[in-house]
Amino acid sequence: MEALKSSWERQAQESAKAYAAFCAYRDTPPSKRSHRGLAHMLGKSSALISRWSGRHQWLARVAAWDDELDRQRRLKQIEAIQEMGERQATIALMYQ
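In short, a report on the structure. (Residues numbered from 1 in each chain as written. Predicted model: local features only at pLDDT ≥ 70, side-chain atom pairs only at ≥ 80, totals over all residues. Heavy atoms only, no water.)

**Concerning the overall build of the chain**
Counting its regular elements, the chain contains four helices and zero strands. Listed by position from the N terminus, the elements making up the chain come as α-α-α-α. The globule rule puts the C-alpha radius of gyration for 96 residues at 12 Å, and the 20 Å found for the chain is more than 25% above it. In the chain, of all internal contacts separated by at least 6 residues, the share reaching a separation of at least 24 is 52%. Working note: accessible area of the chain is about 7,300 Å², and carbon and sulfur atoms make up 56% of it. (Helix = DSSP H or I, 4+ residues; strand = E, 2+ residues; numbered from the N terminus. Rg over C-alpha atoms; globule rule 2.2 N^0.38 Å. Contact = heavy atoms within 4.5 Å. Areas by Shrake-Rupley, 256 points an atom, 1.4 Å probe, with all protein chains shown as cover.)

**With respect to unusual backbone geometry**
A positive phi angle, close to 70°, is found at Q13, a residue other than glycine. Within the secondary structure, Q13 is located in the segment before α1 (16-26). The phi angle at Q57 is positive, at roughly 50°, despite the residue not being glycine. Topologically, Q57 is positioned in the loop between α3 (46-55) and α4 (58-95).

**Concerning a nonpolar patch on the surface**
A cluster of nonpolar side chains, contributed by I91, M94 and Y95, occupies part of the molecular surface with about 420 Å² of accessible area. Inspection of the secondary structure assignment puts I91 in helix α4. For I91, a relative accessible area of 44% gives the class partly exposed. (Patch = residues over 30% accessible without salt bridge, like charges linked within 9 Å, V, L, I, M, F, W, Y side chains within 5 Å. Salt bridge = Lys/Arg side-chain N within 4 Å of Asp/Glu carboxyl O. Buried < 20%, exposed > 50% of the residue type's maximum accessible area, 1.4 Å probe, protein only.)

Shown next, in the form of structure tokens:
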């Protein structure tokens, strides 16, 4: 049984070229993402980028990717806060 893929990974029926374009789109900062900009950057037509985007649900996939990055950032924040609390408790015990 094949493991379930995350939506931002290469999908079945997605060509290597389409996936490479998706990765470039995914890795562009959200405020700068556009099909037109990606087409220009990759030297492809906007029509091709739009076709790949629609066929392979780029908008939903990139939203899932952004959510995953946010989840990972929040986990790191929580970990940093916990470590800070432990350091503060250790320092407090040293002063007692």
